[in-house]
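Below are the chains, spelled out letter by letter.
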Amino acid sequence: QVQLVDAGGGLVQAGGSLRLSCAASGRTFSSYAMAMGWFRQAPGKEREFVAAINWSGGSTYYADSVKGRFTISRDNAKNTVYLQMISLKPEDTAVYYCAARQAGITEVTGRWAYWGQGTQVTVSS
């Protein structure tokens, strides 16, 4: 099994920055080269893909809506993935979830097996 703990959300003004983190643990996570991703869900909307990174960190993928503003990274020594968010907009307001899967990057929500509990990001105008 894999356990994921999201953190770092909060309230920020438009144009501000936040850094989310996701700490992973569990024997499965340590045994497999797992891709990590971030998704978000705004009230009344479906959960959507934000960014993903492969095991080595050499490959990343972003939703068009966040390209150039968000950066995903990982520290495998700490079993932690980060999402650095800058130039935040009110439309970025959502609960952000990290996710893990035992395969490569995909933006398809249903193909991610493990999920964190979510952290709220609120961007005021």
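Our structure's up above, just so we're on the same page.
I will try to describe carefully the structure that is included in this document. Every value quoted in this text rests on a predicted model; they were computed, and no experiment measured them. (Residues numbered from 1 in each chain as written. Predicted model: local features only at pLDDT ≥ 70, side-chain atom pairs only at ≥ 80, totals over all residues. Heavy atoms only, no water.)

Focus: the environment of G16
The following threshold applies: Working definition: helices are DSSP H or I runs of at least four residues, strands are E runs of at least two. Numbering for both runs from the N terminus. It only takes one pair of heavy atoms within 4.5 Å for two residues to be counted as in contact.
Here G16 lies in the loop between β2 (10-13) and β3 (18-25). Note: C-alpha distance between G16 and Q84 (68 residues apart in sequence) is 11 Å. Residue contacts for G16: discarding those within four places in its chain leaves M85, I86, S87 and L88.

Concerning the packing of aromatic side chains
Convention followed: Stacked, tilted and edge-to-face pairs are distinguished by plane angle, under 30 degrees for stacked and over 60 for edge-to-face with tilted covering the rest, among Phe, Tyr and Trp rings (Trp via its six-membered ring) whose centres lie within 6.5 Å. Burial status follows relative accessibility: with a 1.4 Å probe on protein chains alone, a residue under 20% of its type maximum counts as buried, one over 50% as exposed, and anything between as partly exposed.
Throughout the structure, instances matching the rule amount to 4 aromatic pairs. Measuring from ring centre to ring centre gives 5.6 Å for F39 and W112, while their planes differ by 75°; the resulting arrangement is edge-to-face. Of this pair, F39 sits in strand β4 (residues 35-41) while W112 sits in the loop between β9 (94-101) and β10 (114-115), placing them 73 residues apart in sequence. Judged on exposure class, the residue F39 and its partner W112 are both buried. An aromatic cluster of three or more residues is present, and its members are F39, F49, Y61, W112 and W115.

With respect to the sheet that holds strand β1 (residues 3-7)
This is how the line gets drawn: At least two DSSP bridges between two strands are needed for those strands to be called paired. Where helices are involved, their axes are fitted lines through C-alpha atoms of the stretch in contact, as for all axes, and angles between N-to-C directions lie from 0 to 180°.
Read from one edge to the other, the open sheet built from 4 strands follows the order β1-β3-β8-β7, with strand pairing classed as antiparallel. The strands lining the two open edges of the sheet, one partner per strand, are β1 and β7 (70-75). Sheet twist, expressed as the mean angle between neighbouring strand axes with direction ignored, is 15°. Bridge count between β1 and β3: 5 bridges; the pairing is antiparallel. In the sheet register, V5 faces β3, and the bridge partner there is A23.

Side note on the side chain of R101
Heads up, the condition is: Only four residue types enter the charge count: Lys and Arg as positive, Asp and Glu as negative, with His and the chain ends excluded. Every case where a carboxyl oxygen of Asp or Glu lies within 4 Å of a side-chain nitrogen of Lys or Arg is listed as a salt bridge.
Counting through the fold element by element, R101 comes out in strand β9. We note that R101 is buried and unpaired, the nearest opposite charge coming from E107 at a distance of 12 Å. Those residues within four positions of R101 in sequence are excluded, and the remaining contacts are M34, A35, T106, R111, W112 and A113.

Remarks on the state of the cysteines
What we call a disulfide is simply a covalent bond connecting the sulfur atoms of a pair of cysteines. Spelled out, the test is: For the purposes of this analysis, a disulfide is any pair of cysteine sulfur atoms at a distance within 2.5 Å.
Inspection of the entire model under this criterion finds 1 disulfide. Shown here is the disulfide that connects C22 with C98, its sulfur atoms set 2.0 Å apart. Because the sign of the S-S torsion sets the handedness, a value of about 40° for the bond joining C22 and C98 places this disulfide among the right-handed ones. With C22 in strand β3 and C98 in strand β9, this residue pair connects regions lying 76 residues apart in the sequence. Among the residues examined, C22 registers a relative accessible area of 0% and is labelled buried. On the basis of relative accessible area, C98 is assigned to the buried category, the value being 0%.

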